[in-house]
Amino acid sequence: MSLQLESSKRRTFAIISHPDAGKTTVTEKLLLYGGAIQMAGAVKSRKTDRGATSDWMKMEQERGISVASSVMQFPYKNVMINLLDTPGHEDFSEDTYRVLTAVDSALMVIDVAKGVEDRTIKLMEVCRLRTTPILTFINKLDREGKEPIDLLDEVEDVLKIACAPMTWPIGMGKRFKGIYHLYNDTVRLFAAADGQRATEGELIEGLDNPRLDELLGSQAEELREEVDLVRGASHEFDLELFLAGELTPVFFGSAVNNFGLQELLDGFEMYAPAPKGRETESRFVDANEEKLTGFVFKIQANMDPAHRDRVAFMRIVSGKYESGMKLKHVRIGKDVKIAKAITFLANKREQAEVAYPGDIIGLHNHGTIKIGDTFTQGEELKFTGIPNFAPELFRRAQLKDPMKMKALQKGLTQLSEEGATQLFRPVNNNDLILGAVGILQFEVVAQRLKDEYNVTCMFEPVNVNTARWVIGPKAEIEKFTAKVRENVAYDAADQLVYIAPTRVNLNLTEERWPELQFVATREH
Ligand code: G4P
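Definitions and cut-offs
Residues numbered from 1 in each chain as written. Predicted model: local features only at pLDDT ≥ 70, side-chain atom pairs only at ≥ 80, totals over all residues. Heavy atoms only, no water. UniProt positions renumbered as here; feature names shortened; annotations may be inferred. Near = heavy atom within 4 Å. Polar contact = N/O pair within 3.5 Å; in protein donor to acceptor, adjacent residues only side chain to side chain. Areas by Shrake-Rupley, 256 points an atom, 1.4 Å probe, with all protein chains shown as cover. Helix = DSSP H or I, 4+ residues; strand = E, 2+ residues; numbered from the N terminus. Buried < 20%, exposed > 50% of the residue type's maximum accessible area, 1.4 Å probe, protein only. Axes fitted to C-alpha atoms, helices over the stretch in contact; angles between N-to-C directions. Parallel < 35°, antiparallel > 145°, perpendicular 65-115°, else oblique. Contact = heavy atoms within 4.5 Å. Nonpolar A, V, L, I, M, F, W, Y, C, P; charged D, E, K, R; others polar. Left-handed = near helix turned anticlockwise from the far one by under 90°. Pairing = 2+ DSSP bridges. Core = buried A, V, L, I, M, F, W, Y, C linked by side-chain atoms within 4.5 Å.

Per an unreviewed UniProt entry, the protein goes by Peptide chain release factor 3 and derives from Thiomicrorhabdus immobilis. Of the comments in the UniProt record for the protein, the one headed Subcellular location (unreviewed entry) reads "Cytoplasm". Per UniProt, the protein carries the Sequence similarities (unreviewed entry) text "Belongs to the TRAFAC class translation factor GTPase superfamily. Classic translation factor GTPase family. PrfC subfamily."

What follows is the structure, encoded as structure tokens:
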């Protein structure tokens, strides 16, 4: 099959939501529709990632599962779907942001009772940076919640995106009877889930169908009136606006009951964009180019404790991957033969024979690959746009056994390359300062240092409040570094970082050095 055809069939997306809105449940049910049923349990067990540290550890021990399920590929009707999992716990949000650079669309899941929550707002901002098209699923209609029309207003107000309802709920909570498809003119009656089977309630053609009155009684007439109102008061679906990230098609349902997801998937198949090209420092790479290009957006270390290997997740931007092919690892300027890449079809970590734009392949390595790395078939390219965020919490690594310094450095460096934490080495002392976006990270790192590197270390408070990458003319940078020695450090990629003891200090420093830029995100 031609490259272009294969590529046009790919749909690569991630789910964005506030914890508890139903991301795990939706994922599980989507896989059910995709026929990858054996995945369901595996996804469920990942729920631990929003729980306590100990749960997370357990999950990590079951790393086989968590890794396999961080990318899930499954066919649906005419398309091949790549669903990229994003960690649910907010402490892992940086990872989430980077996963979003590797998708072409996103599914926003909202709890009908809670409406738009803060994590969703943050994630939406990230999607907006790249004008990622967004589909919306309003979940838990089997419970009482906000009035659907008010909820759409809320999404429009808070998230500044137009809503185009595709389906409309018939009642909610105890009175939840089903959904009406505004474009197919069909009513699907609600049937509670029957175990793991993808259940489907009766489908009734036409809003005027007398069968509706028979089954719904007075709710049928209410529905007709409401649909009239909704059609008048809401936006109509517009493919162009959707692809521009300005309008989101909205579907209603109940994930736990497998209800409303079929309509969502059908909409997804029809409207979600095929793989898009990506910008590099020198030119735009189109998804239909013959030669293979890709970028690494995530690294997972020590997946197999026995082998100490690491897997780099690469999104294919263009071209076709074939097992055994030679790729240029641009940053280090070397050609490498990629023989054992892994794909994620049907939850099996099997060797990839071929992969196409939009697909994710896993590359084994021993630390040579970093987040943000570009691979090509020879061309000097560097994909841009993979962000590194300034951490908000800082701790100094305190070693129990001073003889273990080497192992500590190695462990901290490698773990920070996974992306969840960042390592800073101050210019004027030998401290190792770890920055993270969430507090849980320090516990996780301490535990993993012990398990994987045999180093016992504690993290103690350090007088750093915030960090900024410093950019500017070379001479000015040198002057700056000499002047404020006690507050500068290098990150793992040897980039200069200003580590400020207070926000006030940062503000003053920014004022004092107008020729320098202090930025809160750094692109890899
Ligand atoms: P998350 O990954 O976004 O954090 O959410 P998750 O799917 O774990 O769902 C959070 C809770 O909401 C779960 O309940 C789940 O069963 C429930 N849920 C998901 N979809 C629906 C729905 O359509 N209707 C209702 N009523 N509940 C839904 P839990 O009590 O935390 O876990 P569990 O013991 O039920 O598994």
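Asker: Teacher, can you tell me more about the site of the ligand here?
Answerer: Taken together, the neighbourhood of the ligand is formed by 18 residues, with Asp20, Lys23, Thr24, Thr25 and Ser254 sitting nearest. Lys23 is positioned with one of its backbone polar atoms (N or O) 2.7 Å from an oxygen atom of the ligand. A distance of 3.3 Å separates an oxygen atom of the ligand from a polar backbone atom of Val256. Bound to the protein, the ligand loses 74% of the 700 Å² it would expose on its own. Of all the elements, helix α2 (residues 23-33) adds the most residues to the shell around the ligand, at three residues.

Asker: What is the right way to read helix α12 (residues 261-271) from this model?
Answerer: Turn by turn, an α-helix covers 3.6 residues, leaving residues three or four places apart pointing in a common direction. Of all eleven residues making up α12, eight are buried, and the element is well covered by its neighbours. Of all the positions in α12, only Leu261, Gln262, Glu263, Leu264, Leu265, Gly267, Phe268 and Glu269 are classed as buried.

Asker: Is there a simple way to think about the packing of α2 against α12 in this case?
Answerer: Packed helices, taken two at a time, are described by the angle between their axes plus the distance between the axes. Here α2 crosses α12 at 75°, and the two axes come no closer than 11 Å. Relative to α12, α2 is oriented roughly perpendicular. On the side of α2, the interface is formed by Val26, Lys29, Leu30 and Tyr33, while α12 contributes Leu261, Gln262 and Leu265. The residue inventory of the contact of α2 with α12, partitioned by class, reads five nonpolar, one polar and one charged.

Asker: Help me out: how do you make sense of the packing of helix α13 (residues 405-417) against helix α14 (residues 440-453) in this one?
Answerer: At a minimum axis separation of 10 Å, α13 and α14 run at an interaxial angle of 120°. Judged on the interaxial angle alone, α14 and α13 are oblique. When you trace α13 past α14, the crossing you get is right-handed. From α13, Ala407, Leu408, Gly411, Leu412, Gln414 and Leu415 reach across to α14, where they touch Val445, Arg448, Leu449, Glu452 and Tyr453. Looking at the contact of α13 with α14 residue by residue, the class counts come to seven nonpolar, two polar and two charged.

Asker: Looking at this structure, I do not really get the sheet that holds strand β32 (residues 517-519). What am I missing?
Answerer: Adjacent strands of a sheet form backbone hydrogen bonds with each other and so pair up, either parallel or antiparallel. Here we have eight strands laid out as an open sheet, ordered β28-β25-β27-β26-β30-β31-β29-β32, and antiparallel in their pairing. Strands at the two margins of the open sheet, each flanked by one partner only, are β28 (457-461) and β32. Direction aside, the axes of adjacent strands within the sheet are offset by 40° on average. Taken together, the four bridges between strand β29 (residues 466-471) and strand β31 (residues 496-500) define a ladder with antiparallel strand orientation. Its bridge partner being in β31, Thr466 is matched across the sheet by Ala500. Contacting β25 (393-399), β26 (421-426), β27 (433-436) and β28, α13 runs over the sheet at an angle of about 135° to β26.

Asker: Where do I start with the sheet that holds strand β2 (residues 71-76) in this structure?
Answerer: Across the sheet, seven strands lie side by side as β2-β3-β1-β4-β5-β11-β6; this open sheet has mixed pairing. The sheet is open, and its two edges are formed by β2 and β6 (162-165), each paired on a single side. Taking the axes of each pair of neighbouring strands and ignoring which way they run, one obtains an average angle of 30° across the sheet. Against the sheet, helix α7 (residues 118-129) touches β1 (10-17), β4 (105-111) and β5 (134-139), its axis set at about 145° to β1.

Asker: I tried to follow the pairing of β1 on my own but got confused; where do I start?
Answerer: On any regular strand, side chains alternate: one points to one face of the sheet, the next to the other face. Among the eight residues in β1, eight count as buried, and that is most of the element. Of the two faces of β1, the one holding Arg10, Thr12, Ala14 and Ile16 and the one holding Arg11, Phe13, Ile15 and Ser17 are both buried throughout. Relative to β4, β1 is paired through five bridges, and the arrangement is parallel. Within β4, the position partnered with Ala14 by the bridge is Ala106.

Asker: Looking at this structure, I do not really get the nonpolar core. What am I missing?
Answerer: Generally speaking, a soluble globular protein has its nonpolar side chains buried in company with each other. One finds Leu84, Val187, Met314, Tyr321 and Leu363 to be the most contacted residues of the largest nonpolar core, which totals 77 residues. Looking at this core, the element that brings in the most residues is strand β15 (residues 310-318), giving six residues. Among residues more than four places away in sequence, those in contact with Leu84 are Thr12, Phe13, Ala14, Ile15, Ser70, Val71, Val99, Ala102, Val103, Phe297 and Ile360. Counting 30 residues, the second-largest nonpolar core is a separate cluster that includes Ile81, Phe242, Leu261 and Leu264.

Asker: I tried to follow the pairing of β6 on my own but got confused; where do I start?
Answerer: The alternating pattern of β6 places Ala162 and Ala164 on one face and Cys163 and Pro165 on the opposite face, and all of these are buried. Pairing of β6 with strand β11 (residues 247-252) involves four bridges; the strand directions are parallel. When the sheet's bridge partners are listed, Ala164 is paired in β11 with Pro249.

Asker: Which parts of the structure should I look at to understand unusual backbone geometry?
Answerer: In terms of backbone geometry, most residues other than glycine have negative phi values and most peptide bonds are trans. Phi is positive for Asp20, close to 85°, though the residue is something other than glycine. Here Asp20 is to be found in the loop between β1 and α2. Its identity is not glycine, yet Lys160 carries a phi of approximately 55°, on the positive side. Given a relative accessible area of 62%, Lys160 falls into the exposed group.

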